[in-house]
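As a plain string of letters, each chain reads:
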Amino acid sequence: MGQISRSLFFFVILFLANVIQAITGFAGTLLAMPFSIRLLGAEEAKTLLNFFTMLACLGVAVQGRRHIRWGELGKILLGMSLGMAAGIWAYRAFPLGILLKGYGLLIIAVTVRNMVRPGGARMPAPVMWLVLFLAGVIHGMFVSGGALLVIYAAVKLPDKDEFRATVASVWVALNGFLAFSYGWEGSYTPQTLWTLALGLVPLALALWTGARLYSKVDQIRFTKLNNILLLLSGASALF
């Protein structure tokens, strides 16, 4: 597959994933990452999706700023920040193939759990902190810790508007830090910057589409659809 074809497929994935991101405040990178790694390679996929997700979530967070739960946002950022350091180290220390398969299995396991217990379940405080730490580990490796974060958020943020605005704010903060670190490492090559510029068009269309679907999509049915998509995403990382 040529570079132009890979870029076009990536932009389609970017659009579809960010329609979902705009509706829920999470899951966009989860859906896009396994396919993007296959198309572009892990380094470029991480750099691009991190930046696009930061922009998409900034729009969602600003739109829903009245619904942000600032106390929970602080807890989430603390727990995940600690885990991110471990995730960045693990990504550099272990073979990508092993990490990618483990990542896919984790997405599938968490999605099955969410389908069995869609409303979340109360857990002891130390377990909740562990969930946040592990979400940070995954985010440090693949910029997509949302599968684990949703376990915490389903319990602490049962209101749909609070869930969406608060979780989107998490990605603005964490992905902003990662964007800075990727720039420090020299990850923004001329090819990457060109793709970022072109990708603003499908990203803007995705945010526009998602914002209009948000108030129209039945949350129960959308959650079921989202779980199916997450399963497909997890499965794609295994092969």
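Located above this text is the structure these notes cover.
Residues numbered from 1 in each chain as written. Predicted model: local features only at pLDDT ≥ 70, side-chain atom pairs only at ≥ 80, totals over all residues. Heavy atoms only, no water.

1. Side note on the overall build of the protein
Operational definition: Under the scheme used here, helices are H or I runs from DSSP no shorter than 4 residues and strands are E runs no shorter than 2 residues, and both carry numbers assigned from the N terminus. Computation of the radius of gyration draws on C-alpha atoms alone. For the globule rule, the value is 2.2 Å times the number of residues to the power 0.38. Note on classification: 1.4 Å probe, protein chains only; a residue is buried when its accessible area is under 20% of the maximum for its type, exposed when over 50%, partly exposed between these limits. In this description, contact between two residues means that some pair of their heavy atoms is separated by no more than 4.5 Å. Accessible areas in this description were obtained via Shrake-Rupley with a 1.4 Å probe; residue shielding takes into account the shown protein chains only. Only four residue types enter the tally: Lys and Arg on the positive side, Asp and Glu on the negative side, with His and both chain ends excluded. By convention, the point assigned to a charge is CZ for Arg, NZ for Lys, CD for Glu and CG for Asp.
Secondary structure summary: the protein contains 10 helices and 0 strands in total. In sequence order, the protein lays out its α and β elements as α-α-α-α-α-α-α-α-α-α. Computed over the C-alpha atoms, the radius of gyration of the protein is 16 Å, within 12% of the 18 Å expected from 2.2 N^0.38 for a compact globule of 239 residues. Counting only C-alpha atoms, the protein reaches 50 × 40 × 30 Å along its principal axes. Each of the 239 residues in the protein was classed as buried or not, and the buried ones make up 50%. Long-range pairs, those at least 24 residues apart, make up 84% of the contacts in the protein with a sequence separation of at least 6. Working note: accessible area of the protein is about 11200 Å², and carbon and sulfur atoms make up 72% of it. Where the 19 positive side-chain charges of the protein centre and where its 8 negative ones centre are 5 Å apart.

2. Here we look at the packing of helix α4 (residues 70–93) against helix α7 (residues 146–156)
Put simply, the rule reads: What counts as an axis is a line fitted to C-alpha atoms, over the stretch in contact for a helix, and the angles between N-to-C directions run from 0 to 180 degrees. Comment on the angle field: the value is read as roughly parallel under 35 degrees, roughly antiparallel over 145, roughly perpendicular from 65 to 115, and oblique elsewhere. Handedness of a crossing follows from how the near helix is turned relative to the far one, being left-handed for an anticlockwise turn of less than a right angle and right-handed for a clockwise one. In this count, Pro and Cys sit with the nonpolar residues alongside Ala, Val, Leu, Ile, Met, Phe, Trp and Tyr, while Asp, Glu, Lys and Arg are called charged and the others, Gly among them, polar.
Taken N-terminus to C-terminus, the directions of α4 and α7 make an angle of 160 degrees; their axes are 12 Å apart at the nearest point. With respect to α7, the element α4 is oriented roughly antiparallel. In this structure, α4 crosses over α7, and the sense of that crossing is right-handed. On α7, the residues that touch Glu 72, Lys 75, Ile 76 and Met 80 of α4 are Leu 149, Tyr 152 and Lys 156. Considering only residue class, the contact of α4 with α7 consists of 4 nonpolar, no polar and 3 charged.

3. Brief notes about the environment of Ala 61
As for its placement among the helices and strands, Ala 61 is situated in helix α3 (residues 42–63). In the structure, Ala 61 is positioned 44 residues away from Ala 17 in sequence and 17 Å away in space, judged by C-alpha atoms. In contact with Ala 61, not counting residues within four places along its chain, are Ile 68, Ala 165, Ala 168, Ser 169 and Val 172.

4. Points about the packing of helix α1 (residues 3–24) against helix α9 (residues 190–214)
Two quantities define a packed helix pair, namely the angle between the axes and the distance from one axis to the other. Contact geometry for α1 and α9: axes closest at 7 Å, N-to-C directions at 35 degrees. Here α1 runs over α9; the crossing is right-handed. Among the residues forming the contact of α1 with α9, the class breakdown is 16 nonpolar, 7 polar and no charged.

5. A word on the pattern of salt bridges
Applicable threshold: Should a side-chain nitrogen of Lys or Arg be within 4 Å of a carboxyl oxygen of Asp or Glu, the pair is scored as a salt bridge.
What the rule picks out here adds up to 3 salt bridges. A salt bridge links Arg 69 to Glu 162; the shortest N-O distance between them is 3.1 Å. Of this pair, Arg 69 sits in the loop between α3 and α4 while Glu 162 is found in helix α8 (residues 160–185), placing the two residues 93 residues apart along the sequence. We note a salt bridge from Arg 92 to Glu 185, for which the minimum N-O separation is 2.5 Å. With Arg 92 in helix α4 and Glu 185 in helix α8, this pair connects stretches of sequence that are 93 residues apart.

6. Some thoughts on the nonpolar core
Selection rule: Note on terminology: a nonpolar core comprises buried Ala, Val, Leu, Ile, Met, Phe, Trp, Tyr and Cys residues joined through side-chain atoms within 4.5 Å.
Grouped together as the largest cluster of nonpolar side chains are 67 residues, with contacts concentrated most on Tyr 103, Phe 142, Leu 149 and Trp 171. Excluding residues within four positions of it along the chain, Leu 149 makes contact with Ile 76, Met 80, Leu 132, Ala 135, Val 167, Val 170 and Trp 171.

7. Topic: a nonpolar patch on the surface
Our working rule: Here the term patch refers to residues with relative accessible area over 30% and no salt bridge, with like charges joined within 9 Å and nonpolar side chains (Val, Leu, Ile, Met, Phe, Trp, Tyr) within 5 Å.
A contiguous nonpolar patch, built from Leu 78, Leu 82, Trp 129, Leu 130, Phe 133 and Leu 134 and spanning about 560 Å² of accessible area, is present on the exposed surface. For the nonpolar patch, the secondary-structure elements that each account for two or more residues are α4 and α6 (125–142). With 4 residues, α6 is the single largest residue contributor to the nonpolar patch. Among the secondary structure elements, Leu 134 is positioned in helix α6. Its relative accessible area of 37% is what places Leu 134 among the partly exposed residues.

8. Observations concerning the packing of aromatic side chains
For clarity, the cut-off: For Phe, Tyr and Trp, where Trp contributes only its six-membered ring, two rings pair if their centres lie within 6.5 Å, and the inter-plane angle classes them as stacked under 30 degrees, edge-to-face over 60, or tilted in between. For a lysine, the NZ atom is tested; for an arginine, the CZ atom; a charge sits over a ring if that atom is within 6 Å of the ring centre and within 35 degrees of the ring normal.
Across all of its chains, the model carries 6 aromatic pairs by this definition. Centroid distance Trp 89 to Phe 94: 5.8 Å. Interplanar angle 90 degrees. Geometry classified as edge-to-face. Exposure remark for Phe 94: the relative accessible area of 43% places this residue in the partly exposed category. Clustering of aromatic rings is evident, with ring pairs tying together Phe 10, Phe 11 and Phe 52. Looking at Lys 46, its charged tip hangs above the ring of Tyr 91, at a distance of 3.6 Å from the centre. Here Arg 164 stacks its cationic end above the ring of Tyr 214, 4.0 Å away from the centre of that ring.

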